[in-house]
Amino acid sequence: MVNLQPNPYEPNEAIILERIQESPNLFTLRLKLTDQKLQDAYEFEPGQFNMLYLYGVGEVAISIVSDPVDSHIIDHTIRVVGRVTRGMANLKKGDRIGLRGPYGRGWPMLESKQKDVVVVTGGLGCAPVVSVINYIDQRRSEYGRLNIVQGVKHTTDFIWKDRYEKWRKLSDTKVLLAADVGEALWPWHVGPVTSLFDQLEFDPTNVAVMMCGPEGMMRVVCDHMLDKSVSAEQMFLSMERNMQCAVGHCGHCQYGNKFICKDGPVFSFAKVRDLFGVKGF
Amino acid sequence: MKMECHFIQSDQLQKLLDNLLANGYVCIGPQVRDGAIIYDEINSTKQLPRGVTDTQAPGSYTLNNNSSDKYFDWANGPQAIKPLLFASRESLWQSEQSVNGQISFITTEPILKPIAIIGVRACDIAAMKIQDQHFLQQQFVDPYYKIRRDNLLTVAVNCGCPAEMCFCHSTGDGPFVDDGADVVMTELDSGFLISAHSSQGEKLLKGLTLQPVTQRQIEESETIRIKSSKQNKNLPHYDIKSRLFNALRDEFWHEIATKCLSCGNCTAVCPTCFCHNETDVAELDGKSSIHYRQWDSCFSQGHSYIHGITIRSETSQRYRQWLTHKFSSWHEQYGRSGCVGCGRCIAWCPVGIDVTESLANFEDRRRG
Ligand code: SF4
Ligand code: SF4
């Protein structure tokens, strides 16, 4: 008998406790590892991800959106974008999947305590930053002013209306929404997300900017923040690349000298700015 | 470890094989097959490519008979150690779904026999050390690689006959082996110099008839080392590491893309390339599914695919990924370049693209 344990490649079984349809293309799976010992020992930070395995189809990297103190559940909000996620969309409560993780480095939540926080997302339902907002929500007094900015292309891309409504009611929190293309009854701003930035409330010397979404958008946000004298060390982005192994071996997620799976997925802008925006990396 | 050098007669080579076999090793050694020197199971020195040498050029590799009696008078075939440790395709685990929907995972255990590889070259020992760094010395250990690595014994032979494509001298990885092998030999006209570089290697030497080394034999070996170090191909001397990343928008990438087929031969023969993908293959009975991994290449369409987008859709971007990774970002990842100078990517490139020439392109021009 050869001993291949611990085996970082091999998933563990998890059960779906709940399935929540967030929008036509977005759903949340609330999971629990079926091995209670593993579930009890499971710890993660906001911004880290798991590899989820759909039986007979394959694995996919998905960000964890539940709160780290909530040790009974592991939530993933999943967008239908490929074979595995399409299959996962058909799962229901009680179904089993595979799970391994958590992987990578998450958001600098501890380092950002007492700072103002600006959360920027673009595109469709950006799960990685949801964990940031939830985390601050649970510990509201430990952070400064919270700004949540979401930009979408079309007003119809806007999902999670209730969540934004809920966040709007948090104390000392500003929620700003913009659509590039507006339509009747869209109550918010029409224009690029950066056109909202004058309304943000933060101290440029004491802020953490956390963002995810299309890289082009993040680039614009970073440039804008640099103009506002926020340092590149205080801007954080969650990056996405092809990931097959999640443990720094398969080589697909390389970004110059970085492996997104283990050096990221969250990077300070300072760490990636040389390559950021160069096509082909 | 103190490395004492001995002399053995040529007939001791068979004894070495016999002893390894008697100790339960599967012996893997060089032999001629389909017009190339490949490494496969061996139990007799008669199987070795004696009297054969290779002629290499960009895009070309041929074998010829030569007048010498030597066993190891050739440079390198397309593969050596890498496929033995990092399999080109292997099953990692299997999942089974029961009727009530429960899923269980079963680790695939590699068929494990200790392997002794005979006649490996300095470049391949250097490459193995790099793959060790990647698979064993990072945050996560690859258990499949590790189990094979723990059971591998290497008998290296210093190069007396580098090919035209070899530039190991300029990367500092050859033509003679520094460390990393268990046993190192140098083939002389009348036999071999042999030394043990590990305790396993020492055990192996105990079973051989060792003779003291003469001054003449040392001189003969030194002459071989000097001759083999004179290689026509070299890495250019500028600071490759920093210059490549300052030339990401250079015209060169588009020029090379008019030749490069994006076939990935270069990464497949590269002894340090580690990229692989994972796929699940469901069994026909629907009750289980096998999870495989296989070599992949940054020249493939799927390598940079994510959510409907191919990050490197252009050949120019793929060639740039390969060159910048090997010669620049590799330094920050592993403290050295990812190239050991084996020259395989030049000989086995169907259109004969030469990495040393690609690099030379950035030498004198201030690009960027
Ligand atoms: S990215 Fe390309 S050059 Fe680098 S290890 Fe992978 S296949 Fe080789
Ligand atoms: S450089 Fe040569 S071997 Fe490599 S991908 Fe291009 S054509 Fe193929």
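Conventions adopted
Residues numbered from 1 in each chain as written. Chains lettered and ligands numbered in written order. Predicted model: local features only at pLDDT ≥ 70, side-chain atom pairs only at ≥ 80, totals over all residues. Heavy atoms only, no water. Contact = heavy atoms within 4.5 Å. Buried area = accessible area lost by both parts, 1.4 Å probe. Salt bridge = Lys/Arg side-chain N within 4 Å of Asp/Glu carboxyl O. Polar contact = N/O pair within 3.5 Å; in protein donor to acceptor, adjacent residues only side chain to side chain. Helix = DSSP H or I, 4+ residues; strand = E, 2+ residues; numbered from the N terminus. Nonpolar A, V, L, I, M, F, W, Y, C, P; charged D, E, K, R; others polar. Near = heavy atom within 4 Å. Core = buried A, V, L, I, M, F, W, Y, C linked by side-chain atoms within 4.5 Å. Buried < 20%, exposed > 50% of the residue type's maximum accessible area, 1.4 Å probe, protein only. Domains from an automatic or database assignment. Pairing = 2+ DSSP bridges. Axes fitted to C-alpha atoms, helices over the stretch in contact; angles between N-to-C directions. Expected span 1.5 Å × (residues − 1). Left-handed = near helix turned anticlockwise from the far one by under 90°.

Novice: I would appreciate a short explanation of the interface of chain B and chain A in the present structure.
Specialist: One widely used convention gives an interface's size as the accessible area the parts lose upon coming together. With 59 residues of chain B at the interface, the matching set in chain A holds 48 residues. Carbon and sulfur atoms supply 57% of the area that chain B and chain A bury against each other, a total of about 4300 Å² over both sides. Where chain B packs against chain A, one counts zero salt bridges. The tally of links between chain B and chain A comes to 29 residue pairs in polar contact (both at pLDDT 80 or more). Ranked by residue count, the leading element in the side of chain B that touches chain A is helix H11 (residues 315-334) of chain B, at nine residues. Here the side of chain B that touches chain A is built from residues that sort into 22 nonpolar, 25 polar and 12 charged.

Novice: What is the right way to look at the site of ligand 2 in this model?
Specialist: B:Cys260, B:Leu261, B:Cys263, B:Cys266 and B:Cys349 are the nearest of the 13 residues found near ligand 2. Taken together, the residues that form the shell around ligand 2 break down as 10 nonpolar, three polar and no charged.

Novice: Teacher, can you tell me more about the nonpolar core here?
Specialist: Note on soluble globular proteins: their nonpolar side chains tend to be buried together. Counting residues in each nonpolar core, the largest one holds 112 residues, and the members touching the most others are A:Val120 and A:Met225. It is helix H3 (residues 122-136) of chain B that contributes the most residues to this core, eight residues altogether. Not counting residues up to four positions away in its chain, the partners in contact with A:Met225 are A:Val118, A:Phe197, A:Leu200, A:Phe202, A:Val209, A:Val230 and A:Met235. Membership of the second largest hydrophobic core comes to 31 residues, among which are A:Val65, A:Val119, A:Ala179 and A:Val266.

Novice: So what exactly am I meant to see when it comes to the domain arrangement of chain A here?
Specialist: Residues and elements named next belong to chain A. What the domain assignment lists for chain A is domain 1 (12-103) and domain 2 (116-272). The centre of domain 1, based on its C-alpha atoms, is set 22 Å off from the matching centre of domain 2. Each partner contributes residues to the interface: domain 1 has 20 residues there, and domain 2 has 21 residues. Interface of domain 1 and domain 2: buried area, both sides summed, is about 1500 Å²; carbon and sulfur atoms make up 62% of it. If you sort the residues of domain 1 by the area they bury against domain 2, Phe49, Val65 and Asp67 come out on top, with a joint share of 26%. At the junction of domain 1 with domain 2, the criterion picks out two salt bridges. For the pair domain 1 and domain 2, the number of links is three residue pairs in polar contact (both at pLDDT 80 or more). When contributions to the side of domain 1 that touches domain 2 are tallied by element, the ones reaching two or more residues are strand S1 (12-23), strand S2 (26-33), strand S3 (49-54), strand S4 (58-63), strand S5 (74-79) and strand S6 (96-103). Residue classes in the side of domain 1 that touches domain 2 are distributed as 10 nonpolar, five polar and five charged.

Novice: Whenever I open this one, the sheet that holds strand S9 (residues 173-181) of chain A confuses me. Can you help?
Specialist: Backbone hydrogen bonds hold the strands of a sheet together, and the pairing may be parallel or antiparallel. All names here are of chain A. A sheet is described by the order of its strands in space; here seven strands give the open sequence S10-S9-S8-S7-S11-S12-S15, paired in mixed fashion. Two strands lie at the open edges of the sheet, namely strand S10 (189-190) and strand S15 (266-268), each paired on one side alone. Inspection of the sheet shows strand S7 (residues 116-122) paired to strand S8 (residues 146-154) by six bridges, in the parallel sense. Residue pairing in the sheet places Thr121 in a bridge with Gln150 of S8.

Novice: I tried to follow the site of ligand 1 on my own but got confused; where do I start?
Specialist: Taken together, A:Gln254, B:Thr267, B:Cys273, B:Phe274, B:Cys275, B:Ser297, B:Cys298, B:Gln321, B:Trp322, B:His325, B:Lys326 and B:Trp330 make up the full set of residues adjacent to ligand 1. Looking at the residues close to ligand 1, they fall on chains A and B. Broken down by element, the residue count for the shell around ligand 1 peaks at five residues, all from H11(B). Split by residue class, the shell around ligand 1 holds six nonpolar, five polar and one charged.

Novice: Before we go on, may I ask you to explain the sheet that holds S4(A) in this structure?
Specialist: Residues and elements named next belong to chain A. Taken in spatial order, the six strands line up as S4-S3-S6-S1-S2-S5 in an open sheet, and their pairing is antiparallel. Edge positions in the sheet fall to S4 and S5, since each of these pairs with one other strand and no more. Each strand axis lies, on average, 40 degrees off the axis of its neighbour in the sheet, ignoring direction. Taken together, the six bridges between S3 and S4 define a ladder with antiparallel strand orientation. For Leu54, the partnering residue across the bridge sits in S4 and is Gly58.

Novice: Before we go on, may I ask you to explain helix H3 (residues 127-138) of chain A in this structure?
Specialist: A turn of α-helix holds 3.6 residues, and therefore any two residues three or four places apart point the same way. Residue and element names in this part refer to chain A. Helix length check: H3, at 12 residues, gives a terminal C-alpha distance of 17 Å against a target of 16 Å (1.5 Å per residue), a fit within 8%. Most of H3 sits out of view: nine of its 12 residues are buried. Looking only at H3, the buried set comprises Ala127, Pro128, Val129, Val130, Ser131, Val132, Ile133, Tyr135 and Ile136.

Novice: I keep staring at the side chain of A:Thr121 and nothing clicks. Help me out?
Specialist: Structurally, A:Thr121 can be placed in strand S7. Not counting residues up to four positions away in its chain, the partners in contact with A:Thr121 are A:Cys126, A:Val129, A:Val149, A:Gln150, A:Gly151, A:Tyr164, A:Cys212 and A:Met217.

Novice: What exactly am I supposed to notice about the packing of H3(A) against helix H4 (residues 161-168) of chain A here?
Specialist: Helix-helix packing is characterised by the crossing angle of the two axes and by the distance between the axes. Residue and element names in this part refer to chain A. Running from N to C, H3 and H4 cross one another at 35 degrees; their axes reach a closest spacing of 12 Å. Crossing of H3 over H4 shows left-handed handedness. Residues Val130, Ile133, Asn134 and Asp137 of H3 touch H4, and the partners they reach there are Arg163, Lys166 and Trp167. Here the residues of the contact of H3 with H4 are counted per class, giving three nonpolar, one polar and three charged.

Novice: It is not clear to me how the domain arrangement of chain B should be interpreted in this structure. Could you clarify?
Specialist: Residue and element names in this part refer to chain B. Examined at the domain level, chain B breaks down into domain 1 (5-86 + 111-229) and domain 2 (240-273 + 297-367). Listed per partner, the contact involves 29 residues of domain 1 and 24 residues of domain 2. When domain 1 packs against domain 2, close to 2100 Å² is buried across both sides, 56% of that on carbon and sulfur atoms. The three residues of domain 1 that bury the most area against domain 2 are Lys82, Ile130 and Phe167, which together make up 27% of that side's buried surface. Salt-bridge contacts for Asp124 lead to Arg344; the nearest nitrogen and oxygen are separated by 2.8 Å. For the pair domain 1 and domain 2, the interface holds 18 residue pairs in polar contact (both at pLDDT 80 or more). Of all the elements in the fold, those that place two or more residues in the side of domain 1 that touches domain 2 are strand S4 (52-57), strand S5 (60-65), H3 and helix H5 (168-171). Considering every element that reaches the side of domain 1 that touches domain 2, the biggest residue donor is H3, with eight residues. The class makeup of the residues in the side of domain 1 that touches domain 2 is 15 nonpolar, 11 polar and three charged.

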